[in-house]
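# Close look at the chain arrangement
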Amino acid sequence: MLRKLLPAALALALVGAACATDGDGDNGGDNGGEVGGTFLIGYGADLSDIYAFYDVPIQEGAQMAVDEINEAGGVLGAELELRTIDIRNDVAEGADVVQQLIDDGAGYLIGTTGDAFLSEAAIACQSGIPISTGDGTAPTLVADAGECAFQLIMSDNVQGATLAQWASDEGHQTAYVIGSSEIPYTANLPRYFTEAFENAGGTVVGEGEYQIGAADYSAVVTRIRNASPTPDAIFTPMFVPDTQVFLRQLRQAQVDVPVASTDGNLDPSLTDAGAQALDGFTFTASVCPPEEDPGIQTWMNAYEERYGSQPSSAIAALGYDEVYVLKAAIEAGESTEPTDIISALGTVTHDGVTGSIEMDPETRRARKSAALVQMDGDAFTCLGQPGYPAFVPEP
């Protein structure tokens, strides 16, 4: 059923990604190792369930970086290989796939955005192989995973703080907050927003719970409509395809309160909600939409020139930057040994397509700010990147 929720263009990309990268071929390496040969990057990704919205573009961007680096001579004489296997957002399958990739010689792993990340990371850390959180933004992930895990993108507490500051700057003094206890992303972001909003002088006047993938949010909408006092703003970490349903039902109920959300909405499918429902909707993202960011647009055009079509979304640039961060770590440590890569990743810096990436060695999370995107009808517009917030809640 979830496959049917994916846009047609993305569904075609899933088939291509699965056919192009899934397999049991030889890798020619023993988990990194001596300089030269082939260095295998493994990716147990959701290519066919709801998190394909994020894992597929990460794979696309990572593959472009691999191809570019290999054309330029590789890293320390080693050619990179990206091997992606569909885990179908299954926790047990994620662990099995990562073990298979490690057995095949993977010296670095990109983690899934989906439910299986911690099972993947447990296998990775047990084997001493570095793993990223992929497009997973929960700041608790690296600590829960272990010393081999790193987050190369903005964290959720930064997103919550950025949106709280935006709401305060817009003059919103009260907010209604909606979350879901099902996953860390939707469970913790409401707390981060609330702490930062209250720190800025705001008041949360109501809280609600929603179910991911419910396809009907009329009960949540009714509670918001009946809230007293009426909030100045609504915050929710809801993501596509749920956001489209929620916004349509909210506006159909004549609730015109501004809605703020997070990076799970930077996807072309968001426009399915329609211009009337989307107008004024504001959310954080790792990057601004390509039509609003010349650097991202130039990169996406280069991708199209190379492969004949645009990537599934601008999220692909995160995968691209990740592989270049890996390259920087290998070169800094002068080694493709996984233990040396883990050490080098702790202090790595990289100026990428998506901005500056500076790793905090204490938290193993990059100190990375968020961009603000606002919908003008069904058009994505960029409000800019306001910088790292002065107050960021603890994970």
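Residues numbered from 1 in each chain as written. Predicted model: local features only at pLDDT ≥ 70, side-chain atom pairs only at ≥ 80, totals over all residues. Heavy atoms only, no water.

### Focus on the environment of A106
Under the convention used in this document: Numbering of helices and strands starts at the N terminus; helices are DSSP runs of H or I of at least 4 residues and strands are runs of E of at least 2. Partly exposed describes any residue whose relative accessible area lies between the buried limit of under 20% and the exposed limit of over 50%, with all areas from a 1.4 Å probe on protein chains only and scaled to the type maximum.
Among the structural elements, A106 can be located in strand 3 (residues 106–110). Of the residues examined, A106 reaches a relative accessible area of 0% and is grouped as buried.

### What to know about the state of the cysteines
Stated precisely, the cut-off is as follows: In this description, a disulfide is simply a cysteine sulfur pair whose atoms lie within 2.5 Å.
All told, the structure shown has two disulfides when counted by the stated rule. Here C125 engages in a disulfide with C148; their sulfurs sit 2.0 Å apart. Judged by the torsion about the S-S bond (-85 degrees), the C125/C148 disulfide is left-handed. With C125 in helix 4 (residues 117–127) and C148 in the loop between helix 5 (141–145) and strand 5 (149–150), this pair connects stretches of sequence that are 23 residues apart. The exposure class of C125 is partly exposed, given its relative accessible area of 23%. Relative accessible area serves as the criterion here: at 3%, C148 is assigned to the buried category. A sulfur-sulfur separation of 1.8 Å characterises the disulfide bridge that pairs C288 with C382.

### Quick look at helix 4
The α-helix winds at 3.6 residues per turn, so residues separated by three or four positions along the chain end up facing the same way. Just so we agree on the cut-off: The contact rule is simple, with two residues in contact once any of their heavy atoms fall within 4.5 Å.
Along helix 4, the residues classified as buried are F117, S119, E120, A121, I123 and A124. Check the buried side of helix 4 and you find it contacts strand 1 (38–45), helix 3 (91–103), strand 3, strand 4 (131–132) and helix 5. At the exit of helix 4 stands G128, carrying a positive phi of roughly 75 degrees.

### Topic: the layout of surface pockets
Which entries qualify depends on this criterion: For each structure, a 1 Å grid was placed over the protein atoms alone; sets of points admitting a 1.4 Å probe that cannot get out are labelled cavities, open sets with protein on both sides within 12 Å along at least five of seven lines are labelled pockets, and lining residues have an atom within 4 Å of a point. Grid points are joined across faces, edges and corners, and a volume is the space filled by probe spheres set on the points.
Within this model, the second largest pocket holds a volume of roughly 330 Å³. Along the wall of the second largest pocket there are 19 residues; nearest its centre are Y51, T113, G114, I183 and Y185. Sorting the residues of the lining of the second largest pocket by element identifies helix 4 and helix 7 (184–199) as the ones contributing at least two each.

### As for the nonpolar core
Side chains that are nonpolar tend, in soluble globular proteins, to be buried together. Test applied: The nonpolar core is taken to be a set of buried Ala, Val, Leu, Ile, Met, Phe, Trp, Tyr and Cys residues, with the residues joined through side-chain atoms within 4.5 Å.
Within the largest apolar cluster, 100 residues are counted, with the highest numbers of intra-cluster contacts made by F39, I41, I224, F246 and F283. Setting aside its immediate chain neighbours within four residues, I41 contacts V66, L80, E81, L82, R83, Y108, I110, V323 and L326. Formed by 23 residues, the second largest nonpolar core is a distinct cluster that contains A116, A121, I131 and A138.

### Digging into the pairing of strand 15 (residues 379–384)
Inclusion rule: Strands qualify as paired when DSSP identifies two bridges or more between them.
Inspection of the sheet shows strand 14 (residues 371–376) paired to strand 15 by five bridges, in the antiparallel sense. The partner of M375 across the bridge, within strand 15, is F380. Between the end of strand 14 and the start of strand 15, which pair antiparallel, lie two residues, with G377 showing a positive phi angle near 65 degrees.

### A look at empty space enclosed by the protein
Operational definition: Only Asp, Glu, Lys and Arg are considered charged, only Ala, Val, Leu, Ile, Met, Phe, Trp, Tyr, Cys and Pro nonpolar, and every remaining residue, Gly among them, polar.
Using the criterion set out here, one finds two cavities of 30 Å³ or more in the structure. Residue classes in the lining of the largest cavity are distributed as five nonpolar, one polar and two charged. If you add up the space inside the second largest cavity, you get close to 50 Å³. For the lining of the second largest cavity, the per-class residue count stands at four nonpolar, two polar and three charged.

### Quick word on the sheet that holds strand 3
The strand order 2-1-3-4-5 describes an open sheet built from five strands, whose pairing is parallel. On the outer flanks of this sheet lie strand 2 (79–86) and strand 5, each paired with one strand and no other. Inspection of the sheet shows strand 1 paired to strand 3 by four bridges, in the parallel sense. Bridge pairing in strand 3 links Y43 to I110.

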